[in-house]
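Structural characterization, general
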Amino acid sequence: MADTEFDFSALEKRLNVSRRTFLKFCTGVAASLGLGTEAAYAMAEAVADKKKRPPVIWLHGQECTGPTEALLRSEQPSLEHLILDLISLDYHQTLDAGAGHHVEELKRHAMQENKGKYLLVVEGAIPLAQDGIFCKIGGQTMVDATREAAENAAAIVAYGSCASWGGVQAASPNPTGAVGAPQFLKDKTVVTIPGCPPNPANFIGTVLFFVTYGKLPPIDGKGRPKWAYGRLIHENCYRRPHFDAGRFATEFGDEGHQKGWCLYKLGCKGPETYNNCPSLEFNNVGGGVWPIGVGHPCFGCSEEGTGFNKALFSLSDVKTHTPPNAFPTIDSREDASSATVTTAALAGAAVGAALGASAVAGSKLGKKESEQE
Amino acid sequence: MNRRDFLKTSLGSAAMAATAGVAEARPNLEPAPQAIGMLFDSTLCVGCKACVTACKTVNGNKPTIVGEDLQWDSARDLAPETFNVIKVYTDGNQLTKDSEVDGFAFEKRSCMHCVDPGCVSVCPVTALVKDPVTGIVTYDVDACIGCRTCMTGCPYNVPQFDYDNPFGALHKCEMCNQKGLERINNGMMTGCAEACPTGATLFGSREALLDEAKKRMALKPGEVYNYPRGDVRDPSSYHEKAVPEYRQHIWGEKEAGGTNVMHISSIPFDKLGMPPLGERSFVSISESVQHTLYSYMALPAVVLGGLTWLVKRNTDGDDEGGEQ
Amino acid sequence: MSEHYEPLQRRVVTVPFVLLGLVALVGLYYLGVRFVNGMGAVTNLNGGFPWGIWVVYDIVVGTALACGGYALAVTVYIFNKGKYHPLMRAALLASLLGYGLGGLGAIIDMGRWWQFYNLFLPWQMNFNSVMLEVGLCVSAYIIVLMIEFSPTVMEKFKAEALQARLNKVLFLVIALGVLLPTMHQSSLGTMLIAMGWKVHPLWQTLHLQPLLAVLTAFTMGFAIVVWEASLSSIGFRRTPETHLLSGLGKIIVGLISVYLLIRFGEIIYRGKLSLAFAGDLGSLMFVIETALFVYPLVVLLSPKGRENGRSLLWAAVSMLLAGSLYRFNAFLITMDPGQGYSYFPSFPEIMVTLGLVAIEIMVFLFVVKTFPVLPRDHQPAADAKSAA
């Protein structure tokens, strides 16, 4: 699709961004998803078309509001504008200007009006213990609120580690019985964008995909979009060559640490954490600012069973999907040799010559003996 | 019956049967009194190759460069410049670590420092020696004639000759205790064990390592165990990890008389490239045969006496041959 | 005694001689490369196959092929069959050359050849080592062979006094010349024990290795005498010595029978027979090898086969191939040092071996034409004068 066919002027006014910046953003998101320029234009068009903006119901459970805060502080150009304008944010407990029963009423109204069309975003864990009394908003427990909102949602996105698998409050002993949205809504498909906080780019990309194509991007067994969580941090980490070469920082501030060696021995959870931090870096801040970039081992914040569950400096399991080719197999040897045509022929000729000489001698011998007789 | 099974099952009995009536067979050698060794736990190995790098650094070996494209160490197997290498076992989709089916596992290749070393037994010039105290198998380059019999006598194909050098020598792991390095004598541990981030390569006395290995065998899969790193007798640190499903087999406890470097894993050892060995070492058999035939040179002397008498009798009166 | 032997008064430089010289030159060139650039430059040796054809052909098989002197010495001097004496010198010469080649092969294959003397320093010797025994015995036997062959040289240069002195102690040397090959030929078998699991089970006979090795070497010794005598009589157009050789055929039959009995006895006793029909390389080689052993047995069993020069020669060739293949199989072809290893000799490697063999044949031709080695031809063939 040629960009001339499309009128961006309204959009430029609405979002207060230049056409160039906007297209750059869309192209960037599309590239993150592994899609081409065409998809970027499709996304741009979807965003520009007001009618396509899906209504969003945004629930907060047990959490610190980190995901929303991360989203708001994103460094990409006018991201907050995009977020607020590419979706129709009908209900968001942190950002809503109004408050009290009035807002709750609006939420119910929006859900009723957009039955089967709205996007549900869950942020924060859902406490199940004692009938969910540990988290209540407007007199309604998170359990009930989530169940109610999920009923008629077109799609459900669990945003942040708390919503994805329970997060910090689900760590042992978990007194409130906190679980993530996928564990609570067992019969629904829940896309998870784990991270503490999650990278807003992963959220935006997923939502844009949904807005553009009306369906969710491919997800893995834990509901994570494969484009963002398909690889271990370890696989793309720029300290990986140090790991492969066996160069490790063993203490904070030691020689290896100063030289930027691998942080595995300091307890880095990159080898067991699926996320795209090495390529997008934390929170899109840029400048190499993400835990491993600043010399701190990965905490595994986005990985269920790792973040908040394993000790910070404990050794991680290296989960490599396919062992890299650089490993020799058991039967790989140095200098194995096999016969070539020349050598085989030569060996054959040598044996043949000895046999041939014998054959000639044999026949002559026979002749001579018969002559003598 | 395949070859492997055959060798495994019949070795012991076959050896016994054939010795009958010859002489008392030489039994396997015993571990050295203060045998130093290592324990490689394949389930702990994460394939970081820190040990490979450390080994090359400590021993001053150059990296193995493959072609012009790979400019980092890519040793595929033991080689003159590689005393230690991490190899991978893979099966099917290679998804699960330490799973025999559809999994992968790492395996270390280095000198096993046999209790009854084949290389030491077959070397004609005593270039390879098992240290009487530490049990470390060391190499004396000034004695070596380069006949490479040690390579044929090693069940693990460990000694490597530097063919590409007109004045090449044999190369193998000497537990970082060769002349000029002597890490063990100076109270240090081997380079690989020191570098290992997970304790997959654990240093220590053979006795302590065997105890540790047996302890791990007895653990229940899934329970958390505090794995030591460094020297098993005085670990530099520990790390907690769930216990995997170990094979109830400590490679090197008994194989061919045992080894000072022992392996444990979740994968059968033949899959990890270990040879089909029985409990009796092959060199104990060959030495039995050899010492039966050449004990104090008595038999050759007697035979020579008899032969001399026969030849003398048959050549008397006829300078060169017997009766016509 | 001098009337027993005489030199062949023929031209030394013939067409075959020149051709052999060319092969030798190529071999020597690669040998030069080996000493300048290292063995890796010319051989296909690797970590799993430290021994290639230089060891397995030049030493293991080559010395067995050079057992003619040994086999005849036992027959003539131990079993007192003096009628075979005329074949003695040629056999001794071939043995000397074969063992010389073996010794040379050992040096060129020795990675640290400049330190070879360590083998002879008592404080360096490892008396557990089979290789030490082989090294010392082969070295000693080469000297013994030189002494055994020296009467021929003395005769040529008419050093009669020296020869008379030597004759007084020659019996001791001859006895040694029987003992030493018995020792190291059996040790070549013992060497296979230490190689353990790498040797194919059909060839890994453990305690029987030395016996089988010495038996095959001995049998090959007789076969090579038959082969050499037959080829000499054709090549030099002399009267065939079939009447002498057929007697050796009888001995070969006996030896092969004993060998096959032990070999198959061991295989059946240890339940390895199924491996012979496994359909893999090992079983194929075993079948070929066994066929080569059985062929001479069948041919030489009948007096007709023994007394026909041609069938005798073919039986000897088959036996030589059988014995050589037995060793090649055990040491190289069916040897399996582990997954991923493979070996086939490189072109230069084969050329070096062929070059050494060519030199061996050239020296043989030269010596029989200038020294009294071959028995005097009592019935000169009609065309003897025009022969090469």
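Residues numbered from 1 in each chain as written. Chains lettered and ligands numbered in written order. Predicted model: local features only at pLDDT ≥ 70, side-chain atom pairs only at ≥ 80, totals over all residues. Heavy atoms only, no water.

1. Brief notes about the interface of chain A and chain C
We count it as follows: Contacts between residues were defined by any pair of non-hydrogen atoms, one from each residue, lying within 4.5 Å. We define a salt bridge as a side-chain nitrogen of Lys or Arg found within 4 Å of a carboxyl oxygen belonging to Asp or Glu. In the analysis that follows, any N or O atom pair within 3.5 Å is treated as a polar contact, provided that within protein one partner can donate a hydrogen and the other can accept it, and provided that, for residues neighboring in sequence, both atoms belong to side chains. We call Asp, Glu, Lys and Arg charged. Ala, Val, Leu, Ile, Met, Phe, Trp, Tyr, Cys and Pro are nonpolar, and the rest, Gly among them, are polar.
Contacts between chain A and chain C engage 28 residues on the former and 34 residues on the latter. The tally of links between chain A and chain C comes to 0 salt bridges. There are 2 residue pairs in polar contact (both at pLDDT 80 or more) connecting chain A and chain C. Broken down by class, the residue content of the side of chain A that touches chain C amounts to 12 nonpolar, 9 polar and 7 charged.

2. What about the environment of N314(B)?
Rule in force here: Secondary structure elements are taken from DSSP: a helix is a run of H or I of four residues or more, a strand is a run of E of two residues or more, and numbering for both begins at the N terminus.
Within the element layout of this structure, N314(B) appears in helix α8 (residues 298–315). At 3.3 Å, the side chain of N314(B) forms a polar contact with the side chain of N80(C).

3. Regarding empty space enclosed by the protein
What counts, and what does not: Two kinds of site are reported from a 1 Å grid over the protein atoms alone, namely cavities, where a 1.4 Å probe fits but cannot get out, and pockets, open sets with protein on both sides within 12 Å along at least five of seven lines, and residues are called lining when an atom falls within 4 Å of a point. Grid points are joined across faces, edges and corners, and a volume is the space filled by probe spheres set on the points.
A full pass over the atoms with the stated rule returns 18 cavities of 30 Å³ or more. Approximately 180 Å³ is the volume attributed to the largest cavity. What lines the largest cavity is a set of 18 residues, and nearest its centre among them are R333(A), R109(B), G273(B), M274(B) and P275(B). Here the residues of the lining of the largest cavity are counted per class, giving 9 nonpolar, 5 polar and 4 charged. Listed by contribution, the elements that provide at least two residues to the lining of the second largest cavity are α4 (88–109), α7 (209–235) and β2 (374–375) of chain C. By residue number, the principal contributor to the lining of the second largest cavity is α7(C), which donates 5 residues. The residue inventory of the lining of the second largest cavity, partitioned by class, reads 9 nonpolar, 3 polar and 3 charged.

4. Describing the nonpolar core
Where we set the bar: By nonpolar core we mean a set of buried residues, namely Ala, Val, Leu, Ile, Met, Phe, Trp, Tyr and Cys, connected to one another through side-chain atoms within 4.5 Å. Residue burial is assigned from relative accessible area. The probe radius is 1.4 Å, only protein chains are included, and a residue is buried under 20% of its type maximum, exposed over 50%, and partly exposed in between. Start and end positions for the domains come from either an automated domain assignment or a database one.
In this structure, L87(C) and L248(C) are the most contacted members of the largest nonpolar core, which totals 161 residues. In terms of residues, this core owes the most to one element, helix α6 (residues 160–195) of chain C, which gives 14 residues. The two domains that each donate at least three residues to this core are domain 1 (1–28 + 282–324) and domain 2 (31–279) of chain B. When sequence neighbours within four positions are dropped, the list of residues in contact with L87(C) reads L72(C), V225(C), A229(C), E241(C), L244(C), L245(C) and L248(C). In this structure, V52(B), M262(B), L277(B) and I285(B) belong to the second largest nonpolar core, which totals 65 residues.

5. A few points about the confidence of the model for chain C
Residues and elements named next belong to chain C. We apply this condition: The predictor attaches a confidence to each residue, and that confidence, scored 0 to 100, is pLDDT.
Scored by pLDDT, chain C comes out at a mean of 89, with 96% of its residues at no less than 70. At the level of individual helices and strands, chain C shows its lowest average pLDDT in strand β1 (residues 5–6), which scores 83, and its highest in helix α9 (residues 281–301), which scores 95. For the stretch residues 380–388, pLDDT sits under 50, and the model shows 13 contacts to residues farther than four places along the chain or on other chains. Interface predicted TM-score (ipTM) for the complex: 0.89; the corresponding pTM is 0.82.

6. Considerations on the sheet that holds strand β7 (residues 155–159) of chain A
Residues and elements named next belong to chain A. The line we're drawing: Between any two strands, at least two bridges found by DSSP are needed for them to pair. Angles here are taken between N-to-C directions and fall from 0 to 180 degrees, while the axes themselves are lines fitted to C-alpha atoms, restricted in helices to the stretch in contact.
With respect to topology, 5 strands assemble into an open sheet ordered β2-β1-β3-β7-β9, the strand pairing being parallel. Sheet topology places β2 (88–92) and β9 (190–193) at the edges, where each strand pairs with a single neighbour. If you compare each strand with its neighbour and ignore which way they point, the axes differ by 25° on average. Here strand β1 (residues 55–60) runs beside strand β3 (residues 119–123); their pairing, made up of 5 bridges, is parallel. Bridge assignment links H60 to a residue of β3, and that residue is E123.

7. Some thoughts on the packing of aromatic side chains
Stated precisely, the cut-off is as follows: Between the rings of Phe, Tyr and Trp (Trp by its six-membered ring), a pair exists once the centres lie within 6.5 Å; its type follows the angle of the planes, with under 30 degrees stacked, over 60 edge-to-face, and the other angles tilted. Only when the NZ of Lys or the CZ of Arg is both within 6 Å of the ring centre and within 35 degrees of the ring normal is a charge said to sit over the ring.
For the coordinates displayed, the defined rule picks out 34 aromatic pairs over all chains. A network of ring pairs unites the aromatic residues F167(B), F35(C), W113(C) and W114(C) as a single cluster. Directly above the aromatic system of F371(C) lies the positively charged group of K156(C), at a separation of 5.5 Å from the ring centroid.

8. As for the packing of helix α5 (residues 130–156) of chain C against α6(C)
Residues and elements named next belong to chain C. Counted only if it meets this: Geometric relationships in this document are graded by angle, where less than 35 degrees denotes roughly parallel, more than 145 denotes roughly antiparallel, 65 to 115 denotes roughly perpendicular, and other angles denote oblique. Handedness of a helix crossing follows the sense of rotation of the near helix relative to the far helix, less than a right angle counterclockwise being left-handed and clockwise being right-handed.
Here α5 crosses α6 at 150°, and the two axes come no closer than 8 Å. In terms of their interaxial angle, α5 and α6 are classed as roughly antiparallel. With respect to the hand of their crossing, α5 and α6 are arranged in left-handed fashion. When grouped by side-chain class, the residues that make up the contact of α5 with α6 number 22 nonpolar, 6 polar and 3 charged.

9. So, the interface of chain C and chain B
Rules: Buried area, as used here, totals the accessible surface that two parts lose on assembly, with accessibility defined by a 1.4 Å probe and the loss added over both.
With 79 residues of chain C at the interface, the matching set in chain B holds 72 residues. Counting the surface lost from both chain C and chain B, the interface buries some 6,500 Å², and carbon and sulfur atoms represent 61% of this. When the buried area of chain C at its contact with chain B is split by residue, R112(C), W197(C) and H207(C) rank highest and sum to 13% of it. Counting across the interface, chain C meets chain B through 1 salt bridge. Salt-bridge contacts for D109(C) lead to R148(B); the nearest nitrogen and oxygen are separated by 2.7 Å. Counting the contacts that link chain C with chain B gives 36 residue pairs in polar contact (both at pLDDT 80 or more). Those elements that place two or more of their residues in the side of chain C that touches chain B are α1 (15–37), α3 (68–78), α4, α5 and α6 of chain C. For the side of chain C that touches chain B, the element with the highest residue contribution is α6(C), accounting for 15 residues. Across the side of chain C that touches chain B, the residue classes break down as 44 nonpolar, 25 polar and 10 charged.

10. Brief notes about helix α2 (residues 53–65) of chain C
Given 3.6 residues per helical turn, the α-helix brings residues three or four places apart onto the same face. So the rule is basically this: Expected helix span is computed as 1.5 Å times (number of residues minus one).
The end-to-end C-alpha separation of α2(C) is 15 Å, well short of the 18 Å expected for 13 residues at 1.5 Å each. Within α2(C), 13 of the 13 residues are buried, which leaves it mostly tucked inside the rest of the structure.

11. So, the sheet that holds strand β12 (residues 261–264) of chain B
All names here are of chain B. The sheet built from 3 strands is open, its strands ordered β9-β1-β12 with mixed pairing. On the outer flanks of this sheet lie β9 (201–205) and β12, each paired with one strand and no other. In this sheet, neighbouring strand axes are inclined to one another by 25° on average, regardless of whether the strands run parallel or antiparallel. Sheet topology note: the strand β1 (residues 36–41)/β9 ladder contains 5 bridges and is antiparallel. The partner of F40 across the bridge, within β9, is T201. Of the strands in this sheet, β1, β9 and β12 touch helix α6 (residues 206–218), which is tilted by about 130° from β9.

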